[in-house]
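Chain by chain, the residues run as shown.
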Amino acid sequence: MNDYIIRAIAANDQIRAFAAVTTETVETARQDHNTSPVATAALGRLLTAGAMMGTMMKGDKDILTLQIKAGGPLEGITVTADSKGRVKGYVGNPDVCIPANSKGKLDVAGAVGVGFMNVIKDMGLKEPYVGQVALQTSEIAEDLTYYFATSEQVPSAVGLGVLMNKDNTVRQAGGFIVQLMPFAKLEENVQKITSVTNLLEEGHTPESLLEKVLEGFDMEINEKVPTEFYCNCSRERVEKALISIGRKELNEMIQEGKSIEMNCHFCNKNYEFTVEELKEILRKCK
């Protein structure tokens, strides 16, 4: 099944809801970055949230960035997403390996550590919107719930999950975000959901996942959006970055007489430039 996100409304437009299955997206990230299981789980949760939050934005060129800056061995997470369901991201330390938590599960909170979450929305205005909150649990879903309540003043319920296979590939990944109004009943429904990945394992889809969360409310699905791990890096973009560093630094690279390799943080792809290619780039510099 290809990954996708659904957007829905309920209770006479008083509730808006999003649900996603992101198994292939998270597995692509795992392969690109060769992440350990706990790093995959942490990155996968933030990728899933980023993909759904990206589709909340309206403009074709709007970009959402989620940054977790914390003191744990994971050394932070960065995810960016657009309004079309395309998302990419990376962790500071993909090899992090720590013992399971007290429940015998991957210790995402322990890997993330204590710190802050930044939510940056670049909507083509002079300045991007930046919201920052202290991490409450470092489990990511609860931290986003807190962000929505404090920075956007929107009561929300967020559920995110990544389940790994024994060979450390991704078995299930997905989540939901439900926002606003008659919150008492909604909270009751959300508390019945012990695990997003358990529901996905039982064969639930984003549609039926939201039906459980919104039980008792009239739900109407508005849109279904494909989602994927997508990086827009290219050799041309890397070449432009090299041009931007200036003649002096390029000259120094050429003097060393060796090829250089540039790496994209988001998808871990490498681009090699020979000395001759560097000379050609130098000619393009002003």
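Heads up: these notes are all about the structure in this document. (Residues numbered from 1 in each chain as written. Predicted model: local features only at pLDDT ≥ 70, side-chain atom pairs only at ≥ 80, totals over all residues. Heavy atoms only, no water.)

### Notes on the overall build of the protein chain
- The helix and strand tally for the protein chain stands at ten helices and 13 strands.
- What you see for the protein chain is a C-alpha radius of gyration of 21 Å, in line with the 19 Å of a compact globule of 286 residues.
- Overall, the C-alpha framework of the protein chain stretches about 70 × 45 × 35 Å when taken along its three principal axes.
- For the protein chain, the residues scored as buried account for 51% of the 286 residues in total.
- The long-range share in the protein chain, meaning contacts at least 24 apart out of those at least 6 apart in sequence, stands at 62%.
- Working note: accessible area of the protein chain is about 14,200 Å², and carbon and sulfur atoms make up 48% of it. (Helix = DSSP H or I, 4+ residues; strand = E, 2+ residues; numbered from the N terminus. Rg over C-alpha atoms; globule rule 2.2 N^0.38 Å. Buried < 20%, exposed > 50% of the residue type's maximum accessible area, 1.4 Å probe, protein only. Contact = heavy atoms within 4.5 Å. Areas by Shrake-Rupley, 256 points an atom, 1.4 Å probe, with all protein chains shown as cover.)

### Quick look at the sheet that holds strand E8 (residues 156–164)
- Pairing within the open sheet is antiparallel, and its five strands lie in the order E8-E9-E2-E1-E10. The sheet terminates laterally at E8 and strand E10 (219–226), the two strands that pair on one side only. When the angles between neighbouring strand axes are averaged without regard to direction, this sheet yields 10 degrees.
- This element, helix H7 (residues 206–213), spans strand E1 (4–10), strand E2 (15–21), strand E9 (170–179) and E10 of the sheet and lies at about 140 degrees to E2. (Pairing = 2+ DSSP bridges. Axes fitted to C-alpha atoms, helices over the stretch in contact; angles between N-to-C directions.)

### A short note on the nonpolar core
- Ranked by internal contacts, the top residues of the largest apolar core, which has 67 residues, are Met-53, Ile-68, Leu-74, Ile-77, Val-112 and Ile-140.
- Top element by residues in this core is helix H2 (residues 37–54). It accounts for eleven residues.
- Apart from the residues lying within four places of it in its own chain, the contact partners of Leu-74 are Ala-39, Ala-42, Val-91, Gly-92, Asn-93, Val-96, Ala-111 and Val-112. (Core = buried A, V, L, I, M, F, W, Y, C linked by side-chain atoms within 4.5 Å.)

### Things to note about the environment of Val-119
- For Val-119, the position within the fold is in strand E6 (residues 115–122).
- For Val-119 and Glu-239, which are 120 residues apart along the polypeptide, the C-alpha to C-alpha distance reads 29 Å.
- Sequence-distant contacts of Val-119, that is, excluding residues within four places in its chain, are made with Met-53, Leu-64, Thr-65, Leu-66, Tyr-129, Val-130, Gly-131 and Tyr-147.

### Regarding the pattern of salt bridges
- For the structure on display, the rule yields eleven salt bridges.
- The partner of Arg-45 in a salt bridge is Glu-139, with the nearest N and O atoms 2.8 Å apart. Of this pair, Arg-45 sits in helix H2 while Glu-139 is found in the loop between strand E7 (129–134) and helix H4 (141–151), placing the two residues 94 residues apart along the sequence.
- For Arg-45, a relative accessible area of 15% gives the class buried.
- A salt bridge links Lys-279 to Glu-276, with the nearest nitrogen and oxygen atoms 3.6 Å apart. Within this pair, Lys-279 and its partner Glu-276 are both found in helix H10 (residues 275–284), separated by three residues, close to a single helical turn.
- Under the relative-accessibility criterion, Lys-279 is labelled partly exposed at 33%.
- Looking at Glu-276, the relative accessible area reads 53%, which means it is exposed. (Salt bridge = Lys/Arg side-chain N within 4 Å of Asp/Glu carboxyl O.)

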